[in-house]
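Structural characterization, general
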Amino acid sequence: MHELAVTESLLQVVLRHANEGGAGKVVSISVRIGGLSDLVNEWVQRYFDHLSKGTIAEGAVIRIERIPTTFCCDACGHVFPADPRTREAIRCPLCSSAQMTLATGRECFVQQIEVV
Amino acid sequence: MTEVRLIEVREEILAENRQEAGDIRAELRRHGVFMLNLMSSPGSGKTSLILKAVRALKDTFRIAVIEGDIDAMVDAEKMVREGIPAVQIRTGGACHLDAPMVAAGLKELDLAALDCVIIENVGNLVCPAEFDTGAARRAVILSVPEGDDKPLKYPLIFSVCDLLVINKTDYLEGSDFDPEALRERVLRLNPGIRILSLSCRTGEGVSEWIRWLADEIEAFRSNSRINGNDKE
């Protein structure tokens, strides 16, 4: 699956920032991934463990914070969480409108790293 | 005893791919070449849709195709038989095309002699959605036999595309595919997406796809000319 390609990119971003910051070793990596992504946490860690061998990020723990998918109602502006995979029609809980725009859920970024 | 310290990163995991996609985008704009990234499951009709467009438009626009497959030459050969320049990228296992692969493919083409490049991405509704290729527009094909619940299972790809083509409408009769449910599921993820329905096999609705593509190529090229390119 594409966890491998994404994890390769993750390693590059982490190493670049760790080196720029003069780090000796990366201890942990905080990542934020939105609800629309199907990346599986366990596989990201596994691939990372494999790819990072021999680098200063070897052994780093990846902490994944899942950002819930939210929608912004086009009619009243209310922002609300909803499951994009539901078979049910999604309606604004305040005004029942069916017109909405995705607000969060597409995130895929590194928030911070812990280093020594 | 060394203290643990925090380094703020706040960078997209796929930042490098996005950077390279941006470079591709700039180069295509310089040459006035419109690029479309066409995605779908295997067998939904990417090659058929491209062939329809190429046959209808090849006397109006100079089109080339970048074919992405894990390991095959079949689709590129079909394009070459139509007289269209085609580059085959064999990913050898990667389930999607990314910006570096597309950049390598573009190097095989003479951009000065082209108006449009269509990327036929690897058949997959998951991974291609994450990787910006530098294309000006993204399109996804969903064929009727796949079912109307694909936007529920694969929300990301439907949320990032500019165009959804519903293919194989000749299979609607007698199926439980609900076009209204599909529209609702897609529009809640992406209210701006354009939705076309057609059948490559019978030809119904295909002219709308050709018109959409021709309009996009034309608009892109005029925009490039306005912004200072002297390519005709």
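All values reported here derive from a predicted model rather than from experimental measurement.

The next point concerns the nonpolar core. All names here are of chain B. Judged by nonpolar contacts, the single largest core of 31 residues is most densely connected at Leu36, Leu49, Ile118, Trp209 and Leu213. Mapped by element, the contributors of at least two residues to this core are β2 (34-40), α2 (46-57), β3 (63-69), β5 (116-120), β6 (137-143), β7 (163-167) and α8 (206-226). The biggest single contributor to this core is α8, with eight residues. In contact with Leu213, other than residues within four places in its own chain, are Phe34, Leu36, Ala53, Leu57 and Ile118.

On to the environment of Ala104 of chain B, then. Looking at where Ala104 of chain B falls in the secondary structure, it is placed in helix α4 (residues 99-107). Considered as a pair, Ala104 of chain B and Val87 of chain B are 17 residues apart in the sequence and their alpha carbons are 9.7 Å apart.

Of the residues lining the interface, 42 residues belong to chain A; the matching set on chain B comes to 34 residues. For the chain A and chain B pair, buried surface summed over both sides reaches about 3,300 Å², with 58% attributable to carbon and sulfur atoms. Sorting the residues of chain A by area buried against chain B places His2, His17 and Arg87 of chain A first, and these three jointly supply 15% of that buried surface. In this assembly, chain A and chain B are joined by three salt bridges. For Glu16 of chain B, the salt bridge goes to Arg16 of chain A, with nearest N and O atoms at 3.7 Å.

Let us look at the sheet that holds strand β8 (residues 194-197) of chain B. Residue and element names in this part refer to chain B. Taken in spatial order, the seven strands line up as β4-β3-β5-β2-β6-β7-β8 in an open sheet, and their pairing is parallel. A strand with exactly one partner marks an edge of an open sheet, and here the two such strands are β4 (86-90) and β8. Neighbouring strand axes in the sheet, compared pairwise and without regard to direction, differ in orientation by 20 degrees on average. Pairing between β3 and β5: five bridges, direction parallel.

The next point concerns the pattern of salt bridges. Residue and element names in this part refer to chain A. The final tally for this structure, using the stated rule, is 21 salt bridges over all chains. A salt bridge links Glu42 to Arg46, with the shortest nitrogen-to-oxygen separation between them at 2.4 Å. In this pair, Glu42 and Arg46 are both assigned in helix α2 (residues 41-51), four residues apart and thus about one turn of the helix distant. Under the relative-accessibility criterion, Glu42 is labelled partly exposed at 46%. Residue classification places Arg46 among the partly exposed positions, given a relative accessible area of 45%.

Analysis parameters
Residues numbered from 1 in each chain as written. Chains lettered and ligands numbered in written order. Predicted model: local features only at pLDDT ≥ 70, side-chain atom pairs only at ≥ 80, totals over all residues. Heavy atoms only, no water. Core = buried A, V, L, I, M, F, W, Y, C linked by side-chain atoms within 4.5 Å. Buried < 20%, exposed > 50% of the residue type's maximum accessible area, 1.4 Å probe, protein only. Helix = DSSP H or I, 4+ residues; strand = E, 2+ residues; numbered from the N terminus. Contact = heavy atoms within 4.5 Å. Buried area = accessible area lost by both parts, 1.4 Å probe. Salt bridge = Lys/Arg side-chain N within 4 Å of Asp/Glu carboxyl O. Pairing = 2+ DSSP bridges. Axes fitted to C-alpha atoms, helices over the stretch in contact; angles between N-to-C directions.

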